[in-house]
Amino acid sequence: MSALWLLPLALALPLLLAAGSALPLIRDRSLTLAIFAPLPGLAAALFAPRGEVLVLPDLVLGMTLSLSETGATFLGGASLLWLTAGLYSRFYMAGKDRGGNFALFWNLCLAGNLGVFIAADAISFYVAFALVSLMGFPLVIHDRSQKALKAGVAYIVLAVIGEAALLAGLVLASGAAGGVAGIEALVDAVWLSPDRPLILALLITGFGIKAGLIPLHVWLPVAHPAAPVPASAVLSGAIVKAGIFGLLVFLPLGETLLHTGAILAMLGFAGAFGAALYGLTQDDPKAILAYSTVSQMGLILAAIGAGLATGLETAALIAAIAIYALHHGLAKGALFLGVGAMSASAGKAAYRQRAVLAVIALSVAGLPLTGGALAKLALKAPLGPLSELLITASAFTTALLLTRFLASVRPDSADEARAPLVRSIPVAVLGAGALILPWTVWDMSGLPMSYVWQWSNLLNGALPLALATLAVWAARRTRLALPAAPQGDLLALAEPALTKLVTALQGLELRLPSAPRLPGRKALSGLLLDRAEATLANALPALLLVMVLVLALLAL
């Protein structure tokens, strides 16, 4: 059998495991089984042929799957992150409420995330993108705390706006292409369409929300800290990459769009520096990492914008972004999981765990000869002098922000303790991957290996980190106190309105004579969310089982 069939299997296994949640025997073991769900995706990234097309005419109005070299890099990185985070979640969620529900939505979100990287037609792509967006909502609100519920509202509102914008953009693009759903045909049609500015604005909005484009980023700094640790890891390391990949696939890269590209580049660099500086005002380590993600995605978005503005050669730019996304996904996943591992450590074990996180953080900042340094060199190489200078300078603010992270992450207990291996091993695996794997895919950049060892590149990587070290030393000497700012930055402007809305709902609940009075009565919003999740958890597996049976009959 051709390895091409690994592509549909990458989607089928997580969907089947989600469907199996309807069966009590499987539901009790669903967290364990979820560990294996990303394996076909990882195998596809390694072994599936590149560029070949698999057509499944009976699925989703005719599903078309294909794996490019860029898609394989995104798919492999995401699958590895989901695999290690799944192992982590198996023990992190042990003994906690609604573990079966968590596994259900985890598998559905995984299927959508991987589907984005292998879809070859707009319909399949949109279904996968919508799945990863909407199924991320139950992961964010899983803890049911006020913090999680508020973050969930921000997440789902922006997700729905993004889905609407993306759907409108794809419909207009398909109309310009004469109703064709093939992605390449749509991209060509967008370039020639008189509605090109509107289509591009809709696509950038839809994908930009997922990728954390300023000012559409506000869901990240509230959703990441509120979600359980393994969900935070995949949100930051894998799910945001769906937005980046969408931009690479649907924007007419290689053509010159001066104004669109310049605006996207300016917004990207604003996010790269603004999010890093704002993150310095945070105390929650997961919030700091969320702002770091906004900052790092800002650099990628800026590179895409610069490429559009100047009509850069497509292959070099896309390869550079793929390498950068691979490193960031693994490194950021390791840092998020490291927060949980650190909380379970104390004493000497905590010092060792902090040292591991420090090495990974230095790689993200671009320490020479680490995977992060290679990612930054690849990203800068095809760009102009100004973009190259700004990316180099961003290492300074990145180093400051991750120093803040290392200072903020602390053990939960002062007693001597060591994090369980199931928490520390995923951190080590992802960290090692972030340090090493960019070396293995360096050939994608088209640059010789000697480019990495040039003295000018080594100096450009080391100088911002040296300046950041001096800045941290000076701040400690002067006992500089950083101001505290609310999570969500721009979202905080809507806080009064949200508070009034919640108060009004609670007042309405009090005035309803038939409203049930439960012990420890929850807010109306909490009851509705519990009921909604229970309904989804019960209905979705049954629906998926029916779909599997129907597809099996069609295949006979």
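Right above here is the structure, for reference.
The model shown is predicted, which means the values in this text are computed figures rather than measured ones.

## Concerning the layout of surface pockets
- Its boundaries defined by the atoms lining it, the second largest pocket holds a volume of some 750 Å³.
- Surrounding the second largest pocket, 26 residues form its lining, Ile183, Glu184, Leu248, Val249 and Ile318 being those nearest its centre.
- For the lining of the second largest pocket, the per-class residue count stands at 18 nonpolar, five polar and three charged.

## Overview of the side chain of serine 363
- Structurally, the position occupied by serine 363 is in helix H17 (residues 347–365).
- Among the polar contacts made by the side chain of serine 363, one reaches the side chain of histidine 327 at a distance of 2.7 Å.

## Let's talk about the pairing of strand S2 (residues 63–66)
- Residue alternation in S2 divides its side chains into two sets, Met63 and Leu65 and Thr64 and Ser66, and both sets are buried.
- Where strand S1 (residues 53–56) and S2 come together, four bridges link them in antiparallel fashion. Residue leucine 54 lies in a different strand from S2, and its bridge partner there is leucine 65.

## Remarks on the pattern of salt bridges
- Counted according to the given criterion, the structure contains three salt bridges.
- For glutamate 69, the salt bridge identified is with arginine 50, shortest N-O distance 3.5 Å. Residue glutamate 69 is located in helix H5 (residues 69–92), and its partner arginine 50 is located in the loop between helix H4 (39–47) and S1; the two are separated by 19 residues in the primary sequence.
- Here aspartate 284 makes a salt bridge to lysine 147, at a shortest N to O gap of 3.0 Å. Of the two residues, aspartate 284 is situated in the loop between helix H14 (258–279) and helix H15 (285–310) and lysine 147 in helix H9 (residues 146–176); the sequence distance between them amounts to 137 residues.

## A look at H15
- Compared with an ideal rise of 1.5 Å per residue, which puts 26 residues at 38 Å, H15 spans 38 Å between its outermost C-alpha atoms and is within 8% of the ideal.
- Of all 26 residues in H15, 25 are buried; the element is thus mostly enclosed.
- Its side-chain oxygen at 2.9 Å from the backbone nitrogen of lysine 286, aspartate 284 defines the N-terminal cap of H15.
- At the C-terminal side of H15, glycine 311 shows a positive phi close to 70 degrees.

## Points about empty space enclosed by the protein
- Tallying each qualifying case throughout the model produces five cavities of 30 Å³ or more.
- By volume, the largest cavity amounts to about 140 Å³.
- Along the wall of the largest cavity there are 16 residues; nearest its centre are Gly366, Ala373, Leu377, Asn457 and Gly461.
- Only helix H18 (371–380), helix H19 (385–408) and helix H21 (455–477) provide two or more residues apiece to the lining of the largest cavity.
- With five residues, the single largest contributor to the lining of the largest cavity is H21.
- Approximately 80 Å³ is the volume attributed to the second largest cavity.
- Thr73, Phe74, Gly77, Ala78, Leu81, Gly237, Ala238, Lys241, Ala325, Leu326 and Gly329 together form the lining of the second largest cavity.
- Every element with two or more residues in the lining of the second largest cavity is listed here: H5, helix H13 (229–250) and helix H16 (314–343).
- Tallying contributions element by element places H5 first for the lining of the second largest cavity, with five residues.
- Tallied by class, residues from the lining of the second largest cavity come to six nonpolar, four polar and one charged.

## Topic: the packing of aromatic side chains
- In total, this model carries 12 aromatic pairs according to the counting rule given.
- Ring plane angle 85 degrees and centroid distance 5.2 Å describe the contact between phenylalanine 117 and phenylalanine 245, whose orientation is recorded as edge-to-face. Here phenylalanine 245 lies in helix H13 and phenylalanine 117 lies in helix H6 (residues 99–118), a separation of 128 residues in the sequence. Both residues of the pair, phenylalanine 117 and phenylalanine 245, belong to the buried class.
- Within the aromatic cluster, the residues linked to one another by ring pairs are Phe125, Phe129, Phe207 and Phe250.
- The ring of phenylalanine 91 carries the charged tip of arginine 90 above its face, separated from the ring centre by 5.1 Å.
- Sitting over the face of the ring of tryptophan 219, lysine 210 holds its NZ or CZ atom 5.6 Å from the ring centroid.

Definitions and cut-offs
- Residues numbered from 1 in each chain as written.
- Predicted model: local features only at pLDDT ≥ 70, side-chain atom pairs only at ≥ 80, totals over all residues.
- Heavy atoms only, no water.
- 1 Å grid on protein atoms, 1.4 Å probe; cavity = no way out; pocket = protein on both sides within 12 Å on 5 of 7 lines; lining within 4 Å.
- Points joined across faces, edges and corners; volume = space filled by probe spheres on them.
- Nonpolar A, V, L, I, M, F, W, Y, C, P; charged D, E, K, R; others polar.
- Helix = DSSP H or I, 4+ residues; strand = E, 2+ residues; numbered from the N terminus.
- Polar contact = N/O pair within 3.5 Å; in protein donor to acceptor, adjacent residues only side chain to side chain.
- Buried < 20%, exposed > 50% of the residue type's maximum accessible area, 1.4 Å probe, protein only.
- Pairing = 2+ DSSP bridges.
- Salt bridge = Lys/Arg side-chain N within 4 Å of Asp/Glu carboxyl O.
- Expected span 1.5 Å × (residues − 1).
- Phe/Tyr/Trp six-rings, centres within 6.5 Å; stacked < 30°, edge-to-face > 60°.
- Lys NZ or Arg CZ within 6 Å of the ring centre and 35° of its normal.

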